[in-house]
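# A closer look at the structure
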Amino acid sequence: MAALLRVRGASQIVQVCANGEKVLRGAAMKEIAVLEGEGGRGVGVVVSKAGSITAVGYDDELDSQYSNWSFNKVIDANGCCVLPGLIDGHTHPVWVGDRVHEFALKLAGATYMDIHQQGGGIHYTVNCVRQASPDQLYASLIDRLSAMLRCGTTVVEAKSGYGLDTTTEIKMLQVLNRARQEHPISLSITYCGAHAVPKGSSAEEATDHILQEQIPAIVEQCAQDQLHVDNIDVFCEKGVFDRNQSREILLAGKKAGWKINFHGDELHPMQCGELAGELEADAVSHLEEVSDSGISAMVQSGTVGILLPTTAYILRLKSPPARKMIDQGMAVALGSDFNPNAYCMSMPLVMHLACVNLHMTMEEALVAATINSAAALGMAEDVGSIEVGKRGDLLILSTARWEHLVYQLACHDQCIKYVIKDGNIVYSK
Ligand SMILES: [Zn+2]
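Model, not experiment: these values are computed from the prediction.

Now for the sheet that holds strand 12 (residues 259-264). Read from one edge of the open sheet, eight strands run 8-9-10-11-12-13-14-15, paired in parallel fashion. Looking at which strands have only one partner, the edges of the open sheet turn out to be strand 8 (86-88) and strand 15 (331-334). Going across the sheet, the axis of each strand differs from the next one's by a mean of 25°, ignoring polarity. Packed onto the sheet, helix 6 (residues 166-182) meets strand 9 (153-159) and strand 10 (186-194) and runs at close to 175° relative to strand 10. Strands strand 11 (231-236), strand 12 and strand 13 (283-286) of the sheet are contacted by helix 9 (residues 272-279), whose axis makes an angle of about 170° with strand 12.

Turning our attention to the packing of aromatic side chains. Counted according to the given criterion, the structure contains six aromatic pairs. Judged by centre distance (5.7 Å) and plane angle (25°), the rings of Trp95 and Phe338 are stacked. Here Trp95, found in the loop between strand 8 and helix 2 (100-107), pairs with Phe338, found in the loop between strand 15 and helix 13 (347-357); they are 243 residues apart in sequence, far enough to count as distant. You'll find Trp95 and Phe338 in the same group, each marked buried. Both rings, one in Trp95 and one in Tyr343, keep their centres 6.0 Å apart while their planes meet at 80°; by these two values the pair is edge-to-face.

Per the domain assignment, the segments of the chain are domain 1 (2-85 + 384-428) and domain 2 (86-376). For domain 1 and domain 2, the distance between their C-alpha centroids amounts to 30 Å. Every contact between the two is made by 34 residues of domain 1 and, on the other side, 37 residues of domain 2. Between domain 1 and domain 2, a total of about 2,800 Å² is buried, with carbon and sulfur atoms accounting for 72% of that surface. Taken together, the links from domain 1 to domain 2 amount to one salt bridge. Lys30 is the partner of Glu364 in a salt bridge, and the nearest nitrogen-oxygen pair spans 3.0 Å. Where domain 1 packs against domain 2, one counts seven residue pairs in polar contact (both at pLDDT 80 or more). For the side of domain 1 that touches domain 2, the secondary structure elements donating two or more residues are strand 2 (12-16), strand 7 (81-84), helix 16 (404-407), strand 17 (416-421) and strand 18 (424-428). Of the residues forming the side of domain 1 that touches domain 2, the biggest block, four residues, is contributed by strand 17.

Here we come to the coordination of the zinc ion. Within the protein, the zinc ion binds to His90 (NE2), His92 (NE2) and His263 (NE2); these donor distances fall in the range 2.1 to 2.2 Å. Read in sequence order, the donor residues coordinating the zinc ion give the pattern H-x1-H-x170-H. You can see His90 sitting in the loop between strand 8 and helix 2 and its partner His263 sitting in strand 12, a full 173 residues away along the chain. Grouping residues by exposure puts His90 and His263 together as buried.

Next up on the list: a negative patch on the surface. On the surface, Glu204, Glu205, Asp208, Asp242 and Glu248 cluster together into a negatively charged patch. A per-element tally of the negative patch places helix 7 (residues 203-223) first, with three residues.

For strand 4 (residues 43-47) and strand 5 (residues 53-58), the ladder comprises five bridges, and the chain directions are antiparallel. Within strand 5, the position partnered with Val43 by the bridge is Tyr58. Where strand 4 hands over to strand 5, the hairpin turn is made up of five residues, of which Gly51 adopts a positive phi near 90°.

Cut-offs and rules
Every chain is numbered on its own, with residues counted from 1 as its sequence reads. The predicted nature of this model means local features are confined to residues of pLDDT at least 70 and side-chain atom pairs, given and counted, to a pLDDT of 80 or more, with totals for whole chains, interfaces and linings taken over all residues. Hydrogens and waters are ignored; side-chain quantities use all the structure's heavy atoms. Here, strands pair whenever DSSP counts at least two bridges between them. Note on conventions: DSSP H or I runs of at least 4 residues are helices, E runs of at least 2 residues are strands, and numbering of each starts at the N terminus. Structural elements are reduced to axes, namely lines fitted to C-alpha atoms, with helices fitted over the stretch in contact, and the angle between N-to-C directions of any two is expressed from 0 to 180 degrees. Here, residues are in contact when the closest pair of their heavy atoms is within 4.5 Å. Stacked, edge-to-face and tilted labels apply to pairs of Phe, Tyr and Trp rings (six-membered ring for Trp) whose centres lie within 6.5 Å, assigned for plane angles under 30 degrees, over 60, and everything in between, in that order. Partly exposed residues are those whose accessible area sits between 20% and 50% of the maximum for their type, while under 20% is buried and over 50% is exposed, using a 1.4 Å probe and protein chains only. These domain limits were set by an automatic method or by a database of domain assignments. Two parts lose some accessible area (1.4 Å probe) when they are put together, and adding that loss for both gives the buried area. We count a salt bridge whenever a side-chain nitrogen from Lys or Arg sits within 4 Å of a carboxyl oxygen from Asp or Glu. As used in this structure description, the phrase polar contact means that two N or O atoms lie within 3.5 Å; if the pair is within protein, one of them must be able to donate a hydrogen and the other to accept it, and residues adjacent in sequence are counted only when both atoms belong to side chains. Donors, by definition, are the N, O and S atoms found within 2.8 Å of a metal, the threshold being 3.2 Å for Na, K and Ca, and water is not counted, so a site can look incomplete. Within the patch definition used here, like charges are joined within 9 Å and nonpolar side chains (Val, Leu, Ile, Met, Phe, Trp, Tyr) within 5 Å, considering only residues with over 30% relative accessible area and no salt bridge. Surface exposure here means Shrake-Rupley accessible area, sampled with a 1.4 Å probe, where a residue is shielded only by the protein chains that are shown. Counting rule applied: Lys, Arg positive; Asp, Glu negative; His and chain ends not counted. A charged residue contributes its charge at one atom only: NZ of Lys, CZ of Arg, CG of Asp or CD of Glu.

Below you can see the structure in the form of structure tokens.
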């Protein structure tokens, strides 16, 4: 018999979950499953030829159980710890044309909406993306996905939304679909045609255009197997799409078979938590301005809150009330929000910010960046923990304890020794 990979000799296997949990809510986010080596007895993992985890346990037990097996690759993880690959719950990775010039304006006090209303922000990126060829977009996307992989991310949620017209939105979705086939990272693909109201249109006109033209065109391509879309997103915000417009667009996406996963309560209170409860949304991102009744609604509906500490940091917004959400029983996930405004591809940094600025514990941050991000994307059956049957997506750190990944503020390449996707080494130091 043969298997793809044997990892042996580790000091910790941080499984996160060990009983098939599909999400961890509230107080359960504080408890993570860790298999600890003891008294010179190492711990290890076996990944099958098909790329899924077939065993997790003490090396002496795995050695006798797999004594007649051959392994394509054996990793000696002596003095190391093993974690699940990280899952980035929110990114906008398909664009060209950076916005470095806007950083100075923001540092001088301009708000997100000041820049947006002057034709910068998303509008600037939309112009660049409309003019870019699919190959240009693809090349920059692949560079970014590879950088994310080196930071330990093995699954990424990735949005369209810098086209706003049908042709460019489809171009972005095609670029994401190509990367899904060709890059080792797994992608959860989100159609976000309602990311902004295009210049020269009203929000009503943009909503009509999305409902009458864009969604039907994308649904048609999906039906012909030319595109694959997982989620529908809207920027529900004052001056962008209001609650009623957002509801209509999200319901049209749900009808197309996509999961509801939208931007809400970021800059102004928009009662998006309540809307998520009503629509039984899979996830809502941001939530800086969520209300208490919005939190209760999301606890009821089981909606995952995807928090983005980089956004509050860079825009100097108040942080989302992570403590209140977790203490009231919500499931919280994390995302980098990688986009031209928040240029961050590192989930270890995001976890660090979640601990310092959002007052989450390191365990909660790890849960949020693994099993709960998987839950937000409807992927918790396959990824998000080191358990038998899940994909062999692993992160091996050169440190004996996993907390170093969160404790270190930067230069995580110092401690990330291997990144493994489906049992294959996709990065090694
Ligand atoms: Zn976003």
